[in-house]
Amino acid sequence: LCRDADLVFASAEDLAASCRQYNSHVHYIPHGVDYAHFVGALDRRPLPDDLRDIPEPRVGFFGLIHEWVDLDLIRQLAERLPYSFVLIGDAKRNLGPLRDLPNVFHLGRKPYAMLPDYCRGFQAAMVPFRHTALTRSVNPIKLREYAAAGLPVVSTDLPEVRRCDDIATCATSIDSWVGALRAAVARGADEGERRKQSERVRAQDWLAVSQRMADLVAEAAQRSRRESVAAATLLRNEGSSGTF
């Protein structure tokens, strides 16, 4: 597919490097964020009913809970920190290892429209992914969504997250996770810090990302037309000289 494409977009540099062995027109385009939507977490509106009674401080996660989510890590963090860990999303894994922990709350899947309301009630957010071949090439969309909502972020040490050290802290061990979450929760309790965090991704809105992609598509279309004209000209010249 890469060989046949006129243009290739890759959301992670690792993917881009892999694609470049097949195509020279590969562009690394990190995910954008629906900024206008998630900045709504900074509004002063009531919290959702199922979040309001969960004790603060709250550390949040939203997304599909699948094989790449490190449940053992979440358990260790919940055992060591006096925080409420709130998980939002469908669970495709058995959450048994977390069910006996009084400070872990799985609220299930929520509508996209309500995610800023839940972020409003978090003091920090996390990306607790396992290290796998898949996650080495993943660029978590939620990373910038958390940031737009003003949340300090702590993540597993992933290549794409490392490139976003202005909005996220990578943790490499349980001790570094504990320290990073303590610092994140402290920042997330400060309204001024939350607004600064949100501003860091304002210019990364999907509108700006899609405009860049549209410009690259237009350039690729022009390049393809030039190559078609050149090929047609070559065929005509060869035909007139009797070299078929």
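Refer to the structure above for everything that follows.
Just so it is clear, the structure is predicted and the values come from calculations on it, not from any experiment. Per chain, residue numbering runs from 1 following the sequence as it is written. Only residues with pLDDT of at least 70 get local features here, since the model is predicted, and only at 80 or more are side-chain atom pairs given and counted; chain-wide, interface and lining totals rely on the full set of residues. Excluding hydrogens and water, the side-chain figures rest on all heavy atoms present in the structure.

**Q** How should the packing of aromatic side chains be read in this particular structure?
**A** When we look at a pair of aromatic rings, we describe it by the centre distance and by the angle of the planes. Only centres within 6.5 Å qualify two rings of Phe, Tyr or Trp (six-membered ring in Trp) as a pair; their planes then separate them into stacked at under 30 degrees, edge-to-face at over 60, and tilted for everything else. As enumerated under the stated definition, the model contains three aromatic pairs in all. Plain terms: the ring middles of F38 and F62 are 6.2 Å apart, the flat faces sit at 15° to each other, and that makes the pair stacked. Of the two residues, F38 sits in helix α2 (residues 35-38) while F62 sits in strand β3 (residues 58-62), which places them 24 residues apart along the sequence. The two residues F38 and F62 agree in class, both being buried. Taking 4.9 Å as the distance between ring centres and 70° as the angle between the ring planes, the aromatic pair formed by F62 and Y146 counts as edge-to-face. In this pair, F62 sits in strand β3 while Y146 sits in helix α8 (residues 141-148), placing the two residues 84 residues apart along the sequence. Exposure is judged per residue with a 1.4 Å probe applied to protein chains only, and the accessible area is read against the type maximum: over 50% gives exposed, under 20% gives buried, and values in between give partly exposed. Look at F62 and you get buried, because its relative accessible area is 6%. Assessed through its relative accessible area of 0%, Y146 is described here as buried. Three or more aromatic residues joined by ring pairs form one cluster here, namely F38, F62, Y112 and Y146. Helix and strand assignments follow DSSP, with helices taken as H or I runs no shorter than four residues and strands as E runs no shorter than two, numbered in order from the N terminus.

**Q** What is the right way to look at the pattern of salt bridges in this model?
**A** Proximity of charged atoms lets side chains of opposite charge pair with each other. Any Lys or Arg side-chain nitrogen located within 4 Å of an Asp or Glu carboxyl oxygen qualifies as a salt bridge. Enumeration over the complete set of coordinates arrives at 17 salt bridges. Its salt-bridge partner being R120, residue D117 comes within 2.9 Å of it at the nearest N-O pair. You can see D117 and its partner R120 sitting in helix α6 (residues 115-120), three residues apart, about one turn around the helix. Of the two residues, D117 and R120, neither departs from the other in class, the shared state being buried. Among the charged side chains, a network of salt bridges with common partners joins D43, R45, D117 and R120.

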